[in-house]
There are 2 protein chains.
Amino acid sequence: MNRKSAIEKNIAEMTPGEFRVLARRNEWSAVTGDACPGYAQANLVIVPKAFAFEFLLFCNRNPGPCPVIEVTNPGEYRSRFTAPEADLRTDLPRYRVFKSGRIIDEPFDIINYWDENLVAFLLGCSWNFDSGLRAANVQYRYIGDHSTNIECVSAGSFHGTMVVTTRAFKSSHDAVRAIQITSRNPAAHGPPVNIGNPEDIGIKDIYHPDMFSSHEHIKSIGPNEIIMSWACGITPQTVALTSKIPFLISHYPGHMFVTDKLSEELTVL
Amino acid sequence: MNRKSAIEKNIAEMTPGEFRVLARRNEWSAVTGDACPGYAQANLVIVPKAFAFEFLLFCNRNPGPCPVIEVTNPGEYRSRFTAPEADLRTDLPRYRVFKSGRIIDEPFDIINYWDENLVAFLLGCSWNFDSGLRAANVQYRYIGDHSTNIECVSAGSFHGTMVVTTRAFKSSHDAVRAIQITSRNPAAHGPPVNIGNPEDIGIKDIYHPDMFSSHEHIKSIGPNEIIMSWACGITPQTVALTSKIPFLISHYPGHMFVTDKLSEELTVL
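Residues numbered from 1 in each chain as written. Chains lettered and ligands numbered in written order. Predicted model: local features only at pLDDT ≥ 70, side-chain atom pairs only at ≥ 80, totals over all residues. Heavy atoms only, no water.

Trainee: Break down the overall build of chain A for me, with residues and values.
Mentor: When helices and strands are tallied, chain A shows six helices and 11 strands. Dimensions of chain A, computed from the C-alpha atoms along their principal axes, are close to 55 × 50 × 35 Å. Sequence-distant contacts in chain A: of pairs separated by 6 or more residues, those separated by 24 or more amount to 76%. For chain A, the computed accessible surface area is about 11,400 Å², with 51% contributed by carbon and sulfur atoms. Of note, chain A has its 25 positive side-chain charges centred 1 Å away from the centre of its 29 negative side-chain charges. (Helix = DSSP H or I, 4+ residues; strand = E, 2+ residues; numbered from the N terminus. Contact = heavy atoms within 4.5 Å. Areas by Shrake-Rupley, 256 points an atom, 1.4 Å probe, with all protein chains shown as cover. Lys, Arg positive; Asp, Glu negative; His and termini not counted. Charge placed at Lys NZ, Arg CZ, Asp CG, Glu CD.)

Next comes the structure, spelled out in structure tokens:
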């Protein structure tokens, strides 16, 4: 086993703190899907203080795509609630930096971009409900993340359409269980926004996710499979592009912040 | 039947719009507990725009006492989501105006206080879960609202202790049902914060609520009664006093905003 595959094996067995050190040292710069199973991962959005009220309002008005887990005080890069020892400037494997509606950088840390004027938002991630589904032995396939025509409720400068994350279920029983399990987890986007009719929300080709996909080959949907889509945490990135916010930093898609909280600690029942 | 008792009988049968007109004309200036059963009532907090981020952050950090239902854009006194035709300046039966930690007025409308710089927050109200409990035939008594020693998580200028609202249940079955029913309603404060040990949260005399009580005589607790306390929407008023916010308006305790949304529309499952 070479060093890379040894690390891949290990991230499934690390504590969140150990994994974050790996990311901090740039020894892990890939997707976080397999890291620290059971622990909540968070999407990241950082905006200047002058935009913090409008963005927090946007999140409150759109709790599906933007469920707030934690917001730092202006200038704070520590996440007091979800991982007090983490450093939000270095502990994600990769970041995206937006300037006035353009991606200007995709760095592995944001030390040089950070200043005292920034506010960091940690938002719930759809991957958090996968562990709940697996724990309940729900059978499904991850299809990918698609852009839609669903307009978010705007707040000040922030506006744009919702991104969704789609999964295919083999039976009605499993689809119902998935709705139940995700409903009790508003911090991970809550229940699905669409059942069985992706074309109604503007998804033209379910087999070609335009926002994010795993690198597995997506087989065509079986005749009895039920397609369900959940609001997705990539949404703020499309909103950053559409809204042309002067400055905004996010995680790089799929490269989340691994918190010290178990996903189950964030459910409402 | 005189005019007053006729109105009292009628408010239980009015639509929210009809009730709000009554409040707007100052023909109803009393508690809203019996108005429009089944419809969600909301606590009101209004702050200057300069404090809006900190207060929204306070709400997000303290979703128990301060569950956000709607936040208006700065200067807007219409509640687009919960009751588009309402006027938040007139449609509550009574208000409280705070200046730097003192109550300076308890008017029946706030037309003269309103300006373009204010942001209105509608927060969930504990009375919203009473209809859910009644619908499930849960047997209980309302005891009252008490101050506690539970420190809220501060946000900027906003800090203070939590107020709770307490009910007594006759059986374990009913207490369990109440936890289940309130858990699915985070917009109405979610599940209780204390079961059976009010002294642990600093309540010295359960029979003498210091924040609010119905005018019914509170009989002593039976030997098998289970006392449970929920976070209460009066909390922002104690926070306004403690934090000495320069200017803040709230509803007068018990005198809520009656929305067009059914309580059931706001539950998570």
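Trainee: Mind laying out the nonpolar core, listing which residues take part and the relevant values?
Mentor: Counting 68 residues, the largest nonpolar core has A:Phe121 and B:Phe121 as the members making the most contacts within it. The contacts of B:Phe121, once residues within four sequence positions are left out, are B:Asn43, B:Leu44, B:Val45, B:Val47, B:Ala52, B:Phe55, B:Leu56, B:Glu70 and B:Val71. (Core = buried A, V, L, I, M, F, W, Y, C linked by side-chain atoms within 4.5 Å. Buried < 20%, exposed > 50% of the residue type's maximum accessible area, 1.4 Å probe, protein only.)

Trainee: Run through the relation of the copies chain A and chain B, naming residues and quoting values.
Mentor: In the superposition of chain A on chain B (RMSD 0.0 Å, axial shift 0.0 Å), the rotation amounts to 180°. Such a combination of rotation and displacement between the chain copies is what one expects of a two-fold axis. Closest approach to the rotation axis within chain A is made by the C-alpha atom of A:Phe53, at a distance of 2.2 Å. Most of the interface of chain A is mirrored in chain B: 100% of its interface residues are interface residues there too. (Least-squares fit on C-alpha atoms with pLDDT ≥ 70 in both.)

Trainee: Can you break down the pattern of salt bridges residue by residue, with the values?
Mentor: If you walk through the whole model with that rule in mind, you get 18 salt bridges over all chains. Of the charged contacts in the structure, one is a salt bridge between A:Arg94 and A:Glu106, with a shortest N-O distance of 4.0 Å. Taken as a pair, A:Arg94 in the loop between strand E2 (68-71) and strand E3 (95-99) and A:Glu106 in the loop between strand E4 (102-105) and strand E5 (118-124) lie far apart in primary sequence, 12 residues in all. By relative accessible area, which is 24% here, A:Glu106 ends up partly exposed. The partner of B:Asp87 in a salt bridge is B:Arg89, with the nearest N and O atoms 2.8 Å apart. Accessibility assignment for this pair places B:Asp87 and B:Arg89 in one class, buried. One network of salt bridges, in which partners are shared, links A:Arg94, A:Arg96 and A:Glu106. (Salt bridge = Lys/Arg side-chain N within 4 Å of Asp/Glu carboxyl O.)

Trainee: How would you explain the domain arrangement of chain A if you had to name every residue and give the values?
Mentor: All names here are of chain A. The domain architecture assigned to chain A consists of domain 1 (3-124 + 236-266) and domain 2 (128-235). At the junction of the two partners, domain 1 supplies 34 residues and domain 2 supplies 26 residues. When domain 1 packs against domain 2, the two sides together hide about 2,400 Å² of surface, and 59% of this comes from carbon and sulfur. On the domain 1 side of the contact with domain 2, Phe58, Pro65 and Thr238 bury the most area, a combined 20% of that side's loss. Summed over the shared surface of domain 1 and domain 2, the number is one salt bridge. Residues arginine 184 and glutamate 264 are paired through a salt bridge, measuring 3.1 Å at the closest nitrogen-oxygen approach. Counting across the domain 1 and domain 2 interface gives 15 residue pairs in polar contact (both at pLDDT 80 or more). Mapped by element, the contributors of at least two residues to the side of domain 1 that touches domain 2 are strand E1 (39-48), helix H3 (52-61), helix H6 (235-243) and strand E10 (248-251). For the side of domain 1 that touches domain 2, the leading source of residues is H6, giving six residues. In terms of residue class, the side of domain 1 that touches domain 2 is built from 18 nonpolar, 13 polar and three charged. (Domains from an automatic or database assignment. Buried area = accessible area lost by both parts, 1.4 Å probe. Polar contact = N/O pair within 3.5 Å; in protein donor to acceptor, adjacent residues only side chain to side chain. Nonpolar A, V, L, I, M, F, W, Y, C, P; charged D, E, K, R; others polar.)

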